Every structure is written in structure tokens, then in C-alpha cells.
Amino acid sequence: MAEPFKLNLLQRPRRLRRTPALRALVEETVLRPADFIAPLFVVDGKAPPDAIASMPGVFRLNVADLVKECRALWKLGVKGVALFPKLDAKFKDEEGTQALNEETLVLRAVRAVKKAVPELVVITDVALDPYTTHGHDGVLNAAGDDVENDRTVGILMQMAVLQARAGVDLVAPSDMMDGRVGAIRNGLDASGFSGTGILAYSVKFNSAYYGPFRDAVGSAQAAGTRLLSKATYQMNPANRREALLEATLDAAEGADMVMVKPAGPYLDIIREVRSQTHKPIAAYQVSGEYSQIQAAAKLGWLDLARTRHESLLAIKRAGANIILTYFAKDMAQALR
Ligand code: PBG
């Protein structure tokens, strides 16, 4: 009988994986409920929660139900929500004028949430896509073939001031117009809102992963296609250096936090932005990332709880400090 094969190894990394306690001691990344921000969709009226077909487990909520959901999230240790309105088609037009109506849905929702759960961090998107018939994030030029940068920024600045007045903690420009962070900062300061912060969607790619979100807010319906190209303002997924440029510009213009979006397919970008800025980094695990996990789990191809956890752990490990995710509530529950 030959001797069993033996390696003469000095380094055996498996030693530290031998027991659960050893593994816990050397664990480098831990998720906690306070890491997450829950994106929530709000609708007018009194209808019961309205399921979004392409986002299993996510609902459009009326304002009263939204307030209940915010209370539940706060109790579970989730510290922030990002609110997205789905407007009736009759409130949409070419210029997105409802965005500047003090009584528009999302502002009523903010006031209701802030009244009920004042400590919860409330975030609103600054972009025109829920309000425009064409579904773009800004207003179009005369030819109707591109979004006009400066005119859009002028509108976004007013929109941010209205959101601050309604009581949001952070405004989140998601439009990718040039110069909007600086303009919004100036606009807020000039209106007496120097304490309202800016969570800038600094590195936002022109991504196919936004498809289900566009179903959720009806911007696809308005535009006639959920894969409307936003390539003249959102970034080319091929670009890494440009991502660092965008993050640098937004930080210099006064962003309090910078965001990378989507998250999972762009972990390299999160890591590089992390090594370049001292600002907190948010990453948005977008609708398509959520829905692909849900879909595979429904088919029995992936374990939902484990895949969900791993997908978020990877985003945090890459360097994100805050994660926007549709799994926020489930994760907060699972982590208890
Ligand atoms: C639009 C906006 C989008 C998302 C957040 N804000 C989509 C888009 O740019 O069309 C996407 C979020 C998601 O997919 O979950 N300003």
C-alpha cells in the first residue's frame, strides 16, 4: 500500500474556514438593515397595492399605504426611502409641468411620510421622466430629438427646491444633465435650504436593467418603449474613466454622496470610485437586477434568500456604503 498523498504546506487558508466561529472572526463584510434604502412607488387614489408584473413582490402604493410601509421599514431598522411617483397619463405633458406643481403626488407623499415618520430619511428623484409624455428625464429641443441640457437644469433646480420645501432630507438628481448638481446646490442655498443634501446619481449608465422600473413608473408606457435610449445623457456602459470624471465633477459641484447605478454589473466602477473619493458612495441595485434574481428563483433555478444576500454583499464589498435595493425590507427582516 502506497502512503496517502501529503503536501508539505506552510500556508493552509482552509484552517480559518474550519468552524463557524473561526469563519465569523475573519468575516470582512457584514450587511445590516441600516445599509439599505428602499425605493418605493407611489400612486394617487385609494386603490389597494398594485402589483408590478415585471417586479414580483413590489407594489405601487397609495399615500396611506406608503406611510404604513415607511413605518414598517423604520421599525425594521431601514433608515431611508427613495420615493418614485407613477402619474396618471392625464398629468403628463411634453414639458413635464406637473413636476413644478406644489400639490403633485410625490410632494404630497413626502409631506405625509415626514409627518408620520419624521426621523426616516426621505429621498426624492430630481428628473422629469415620470412627468413627460416622451419618458425622457428632461425637456426636448425644438427638433424633438434630444434633451436640452441647460433648460432642463433650470427646471430641475426649481423641482429640487419644491422637494426641499416638502421636507426631504436628500434630493437625488438622476437625470445626468451637465452642471445640475452645482445648480441645484445654489438653488437650495438661495432658497434657505442649505441643510438639504444632494445624493447625486453621478455615474448612471444607459442600462437595459432599468426596464422593469419603467413599467413601474409608466415612463415606458408614455414613451411607447421600455428600452427608450437615453444615450445622449446616461453613460456608455463601456466607460470606466468617464465614470471617475462624472464622480469627480459632482463631488466638486457639491454632491454630499455620489451614486453608481446599476450596481451588480458595475462592481469595478464602485471600487474605483471608492478609491478616488472620500464622499459616501451609494449604489443602486436596480429593477432589472432585482427581477432577474426573482425570476430565476421562481423557476427554482436560484435560492432567493442566498442569492439576494450574496448580490448585496458583493455590492458592499466593492465599496458601497449605502445600497438602494428593492430587497431592503426582506433583507432587514432576514437580518433580524
Ligand atoms: C429615472 C430613473 C430611472 C431609475 C431611477 N430613476 C430609470 C431611467 O433612467 O430610465 C431606474 C431604477 C431602476 O431600474 O430600478 N430618472
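Quick caveat, the model's predicted, so the values are computed rather than measured.

Asks: Is there a simple way to think about the overall build of the protein in this case?
Replies: Helices and strands together make up the secondary structure of the protein, namely twelve helices and ten strands. Its C-alpha atoms give the protein a radius of gyration of 21 Å, within 12% of the compact-globule value 20 Å for 336 residues. Dimensions of the protein, computed from the C-alpha atoms along their principal axes, are close to 85 × 45 × 40 Å. At a minimum sequence separation of 6, the contacts of the protein that also span at least 24 residues come to 74%. By element, 54% of the accessible surface of the protein is carried by carbon and sulfur atoms, the whole surface being about 15,800 Å².

Asks: Just to check I follow, could you spell out the site of the ligand for this structure?
Replies: As a matter of local geometry, the ligand sits amid 18 residues, with Arg214, Lys230, Lys261, Ser287 and Tyr326 nearest to it. The separation between a nitrogen atom of the ligand and a polar side-chain atom of Asp129 is 2.9 Å. Taking Lys261, its side chain carries an N or O atom lying 3.4 Å from a nitrogen atom of the ligand. When the ligand sits alone it has 410 Å² of accessible area, and the protein chains cover 100% of it. Residues that form the shell around the ligand fall into these classes: eight nonpolar, three polar and seven charged.

Asks: Help me understand helix H9 (residues 267–276) in this model?
Replies: Along an α-helix, residues three or four apart share an orientation, since each turn contains 3.6 residues. Along H9, the positions that sit buried rather than exposed are Ile269, Ile270, Val273 and Arg274. Each buried residue of H9 lies within a common arc of 140 degrees when the element is viewed along its axis, so the set occupies one face. In this structure, the buried residues of H9 make contact with strand E7 (197–204), helix H8 (241–253), strand E8 (257–261), strand E9 (281–285) and helix H11 (304–318).

Asks: So what exactly am I meant to see when it comes to the environment of Lys204 here?
Replies: Among the secondary structure elements, Lys204 is positioned in strand E7. A sequence separation of 56 residues divides Lys204 from Val260, and the C-alpha atoms of the two residues are 6.0 Å apart. With near-sequence residues (within four places) excluded, Lys204 lies in contact with Asp137, Ser174, Met176, Tyr210, Gln234, Met235 and Lys261. Polar contacts involving the side chain of Lys204 include one to the main-chain carbonyl oxygen of Ser174, which spans 2.9 Å.

Asks: In this structure, what is going on with a nonpolar patch on the surface? I would like to understand it.
Replies: A contiguous nonpolar patch, built from Phe5, Leu7 and Leu9 and spanning about 360 Å² of accessible area, is present on the exposed surface. Tracing the backbone shows Leu9 in the segment before helix H1 (20–25). Judged by relative accessible area, Leu9 falls into the partly exposed class, the value being 41%.

Asks: Explanation requested: unusual backbone geometry in the structure shown.
Replies: Trans peptide bonds make up the majority, and among non-glycine residues the majority have a negative phi. Note the cis peptide between Lys261 and Pro262, where omega equals -10 degrees. Within the secondary structure, Pro262 is located in the loop between E8 and H9. Within the chain, Met176 stands out as a residue other than glycine whose phi angle is a positive 65 degrees. On the basis of relative accessibility, which here comes to 4%, the residue Met176 falls in the buried class.

Thresholds applied
- Sequence order as written defines the numbering, with residues in each chain counted from 1.
- Per-residue local features are limited, in this predicted model, to residues with pLDDT of at least 70; the limit for side-chain atom pairs, both in listing and counting, is 80 or more; totals at the level of whole chains, interfaces and linings are taken over all residues.
- For the side-chain quantities, the full set of heavy atoms in the structure was used; hydrogens and water were omitted.
- For helices the rule is a DSSP run of H or I covering at least 4 residues; for strands it is a run of E covering at least 2, with both sets numbered from the N terminus onward.
- Radius of gyration: C-alpha atoms only; globule rule: 2.2 Å multiplied by the number of residues to the exponent 0.38.
- Here, residues are in contact when the closest pair of their heavy atoms is within 4.5 Å.
- Surface accessibility follows the Shrake-Rupley procedure with a 1.4 Å probe radius. Residue values consider only the protein chains on display as shielding.
- Near, as used in this document, describes a residue that has one of its heavy atoms within 4 Å of the molecule or strand being considered.
- In protein, a polar contact requires one atom able to donate a hydrogen and another able to accept it; more generally it is a pair of N or O atoms within 3.5 Å, and residues adjacent in sequence count only if both atoms are side-chain atoms.
- Here the term charged refers only to Asp, Glu, Lys and Arg, the term nonpolar to Ala, Val, Leu, Ile, Met, Phe, Trp, Tyr, Cys and Pro, and the term polar to all other amino acids, Gly among them.
- For each residue, the accessible area found with a 1.4 Å probe, counting protein chains only, is set against the maximum for its type, and the residue is called buried under 20%, exposed over 50%, and partly exposed in between.
- In this description, one arc is meant: the one made by directions from the helix axis to the C-beta atoms.
- Patch membership requires over 30% relative accessible area and the absence of a salt bridge. Like charges are linked within 9 Å, and nonpolar side chains (Val, Leu, Ile, Met, Phe, Trp, Tyr) within 5 Å.
- For this analysis, a salt bridge means a side-chain nitrogen from Lys or Arg found within 4 Å of a carboxyl oxygen belonging to Asp or Glu.

Purely geometric numbers; function is a separate question.
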